[in-house]
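# Observations on chain architecture
Chain residues, written in single-letter form:
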Amino acid sequence: MGNRTLSYTIEEVFKAAVAGNRAVAVWRLPESEKLQVCVSLQSGHEVGQPHLEQSPFGFLFCPFQPQDHPNIFIKADVYLDDASGAVIAAPDAPLAALEQFYVLLSQPLTALWHLPPPMPPASEQTAANYIKAVADAIEALQQGEMEKVVLSRNTRQELTEDFDLLQAFKKLQQTYPRAFVSLVSVPGLGTWLGASPEILVSIDQQNHFRTVALAGTQPAANAESVASAIWRQKEIEEQAMVERYILSCFKKLRLREYSEVGPRTVVAGNLMHLRTDFKVDLEEVDFPTLGSDMLQLLHPTSAVCGLPKEPALAFILASEGYDRSYYSGYLGPVNSGAGTHLYVNLRCMQLLATEAILYAGAGITAASTPEHEWYETEHKMQTMTHILQQF
Ligand SMILES: C=C(O[C@@H]1C=C(C(=O)O)C=C[C@H]1O)C(=O)O
C-alpha cells in the first residue's frame, strides 16, 4: 500500500477524517503559504507529558490543565501538503484503517466536524462577573499575594446557516498572515479553530530552539501605530514578568547560552503586543532535550497564567467560574518536515453543533483597571468574531 498519486484537497481529507471518525489537524505556519493536514488512524489519541525528541510526526493538542482534559497526539498516519495534493501515508500506518480511509476519500461527503460530549449548561459569564473577578484580583495583587494573574472568559455566538468551517479556516489564514492558524477536530473531544500570535516552543530544521515572552496589549489602528507605539509602565512590567519567567526556566536547566532580542512591538490582527524573542542553538549547547524540558517548565507561562505560578493558578481556578478546556493550552506540529512548532492556543474558538464558544483573557497587575481589561478581552475576541461575521 503506497501513497496515492491522485491529488486531493484539504477539504476532502478533512471531510474523510470526520466521516471516518478520525482525528484530524489542519495548520498553516506564520508567514507561510503552505496548508498542511494530518489524520491519525490510531484507535486512541491520549498521551502523557510530551517527549518531543522521540515523537513520530504528528500534531499535539494539549489543554490548559492536563488534570482535567487529556493531552492529545494526532499521529500523522496520513499527511497532505496542499502544494502537491498528494496523500502520503506513514510507513507504519495501520493498513486496514488506511484502506478504509482511501475509500472515504474517493466518495462525496457532507461531514461537518467532530462534536464534544454533551456539556453542562454554560455558566453565565457576564461583564459584571468578569469585572468583579478582576477587581478581586487587583485587591489580591495590591496586597502582594501575586505579581500578575491572567483572567479569561468565554462567550457564545450562534453560527449562521451558511457557516462553513474550512472557508472560515481559509479566511483566518488570509486575514492573519503572521499567525499560526489551526483547525483541530477529534472524535469525542470536539473541534477548535484559532489564529495564535504566541510561540511556546519551536525547534526548526537547523536545530534552533525558540520561545517568546509576549504580553502587553493595545489596539493597532494602522501600520504607523507600530512605529509610534507608546507603552505604559503597566504593560512594560507585565511583559518583563513573562521574560523573567522564561529566564528562570533557562536557569533551572543551567542553560546560559541563549540570545535575547527585544522587547519589540509586534502586530497580531487588530492588536499590538510587546515581544521578546529567545533563541538557543541546540547543537552548540549540546542540549538535545531542551525542547521537552522547556515545554514542561514553561506551560502554563505567565502570559496565560500568572506569577508566581501556583497562587495565580489557584486564583484562576477559584474565580474564573468556567472551564478553560483547551483555551490557553498549546498545539502544533511535532517533528514535521519543518520541525516542531508549538503555539499557545489563543484567539481561538470551539465549534459546537450550532454555536461557537470564543475565549480571551488579559493579564492583570496591581495597576490594572477592571473595565479596561474587559475591553481588552473584547478586542482579543474580535480576531474570531471578525471571521464569524463574514458568514
Ligand atoms: C490571554 C491572551 O493573550 C495573552 C495575554 C496578553 C496580555 O495580557 O496583554 C497578551 C498576549 C497573550 O500572551 C488571550 O489572547 O486570550
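Residues numbered from 1 in each chain as written. Predicted model: local features only at pLDDT ≥ 70, side-chain atom pairs only at ≥ 80, totals over all residues.

## Some words on the site of the ligand
Note the threshold: Any residue whose backbone-placed C-beta atom lies within 6 Å of a molecule or strand is treated as near that molecule or strand. By definition, any uninterrupted DSSP run of H or I lasting at least four residues is a helix, any uninterrupted run of E lasting at least two residues is a strand, and each is numbered from the N terminus.
Lining the immediate surroundings of the ligand are 17 residues, of which Thr-217, Ala-303, Leu-346, Gly-361 and Gly-363 lie closest. Of all the secondary structure elements, the ones that give two or more residues to the shell around the ligand are β9 (148–158), β13 (208–219) and β20 (355–364).

## What to know about the nonpolar core
Selection rule: To form a nonpolar core, buried Ala, Val, Leu, Ile, Met, Phe, Trp, Tyr and Cys residues must be joined through C-beta atoms within 7 Å. Each residue is classed by its C-beta neighbour count within 10 Å, where at least 20 other C-beta atoms makes it buried, 12 or fewer makes it exposed, and intermediate counts make it partly exposed; the C-beta atoms are placed from backbone geometry. For the purpose of contact definition, each residue receives a C-beta atom placed from its backbone, and two residues are in contact when these atoms lie within 7 Å.
Core analysis: the biggest nonpolar cluster contains 108 residues, and Val-24, Val-26, Val-37, Phe-61 and Val-149 have the highest contact counts within it. Counting residues per element, this core draws most heavily on β20, which supplies seven residues. Residue contacts for Val-37: discarding those within four places in its chain leaves Ile-10, Val-13, Phe-14, Val-24, Ala-25, Val-26 and Leu-80.

## Remarks on unusual backbone geometry
The omega torsion across Gly-262 and Pro-263 is 0 degrees, close enough to zero to call that bond cis. Tracing the sequence through the fold places Pro-263 in strand β14 (residues 259–268). Cis geometry marks the peptide bond from His-299 to Pro-300; its omega dihedral reads -5 degrees. One can find Pro-300 in the loop between α8 (290–298) and β16 (306–307). In this structure, Asp-286 takes a positive phi of about 50 degrees despite not being glycine. With respect to the helices and strands, the residue Asp-286 is situated in the loop between α7 (282–285) and α8. On the basis of neighbour counts, which here come to 8 C-beta atoms within 10 Å, the residue Asp-286 falls in the exposed class. The backbone of Ser-325 shows a phi angle near 55 degrees, a positive value even though the residue is not glycine. Positionally, Ser-325 belongs in the loop between α9 (309–319) and β17 (330–334).

## Side note on the packing of helix α1 (residues 10–19) against helix α2 (residues 95–105)
Here is the rule: The angle between two axes is taken between their N-to-C directions and runs from 0 to 180 degrees, where each axis is a line fitted to C-alpha atoms and a helix contributes only its stretch in contact. In these notes the angle categories are as follows: under 35 degrees is roughly parallel, over 145 is roughly antiparallel, 65 to 115 is roughly perpendicular, and the rest is oblique. The hand of a helix crossing depends on one turn: near helix anticlockwise from the far one by less than a right angle means left-handed, and clockwise means right-handed.
For the pair α1 and α2, interaxial distance at closest approach is 9 Å and the crossing angle is 120 degrees. With respect to α2, the axis of α1 lies oblique. In terms of crossing hand, the pair formed by α1 and α2 is right-handed. Each of Glu-12, Ala-16 and Ala-19 in α1 lies in contact with α2, whose residues at this interface are Phe-101, Leu-104 and Leu-105.

Interpretation note: all reported values are geometric properties and have no functional meaning in isolation.
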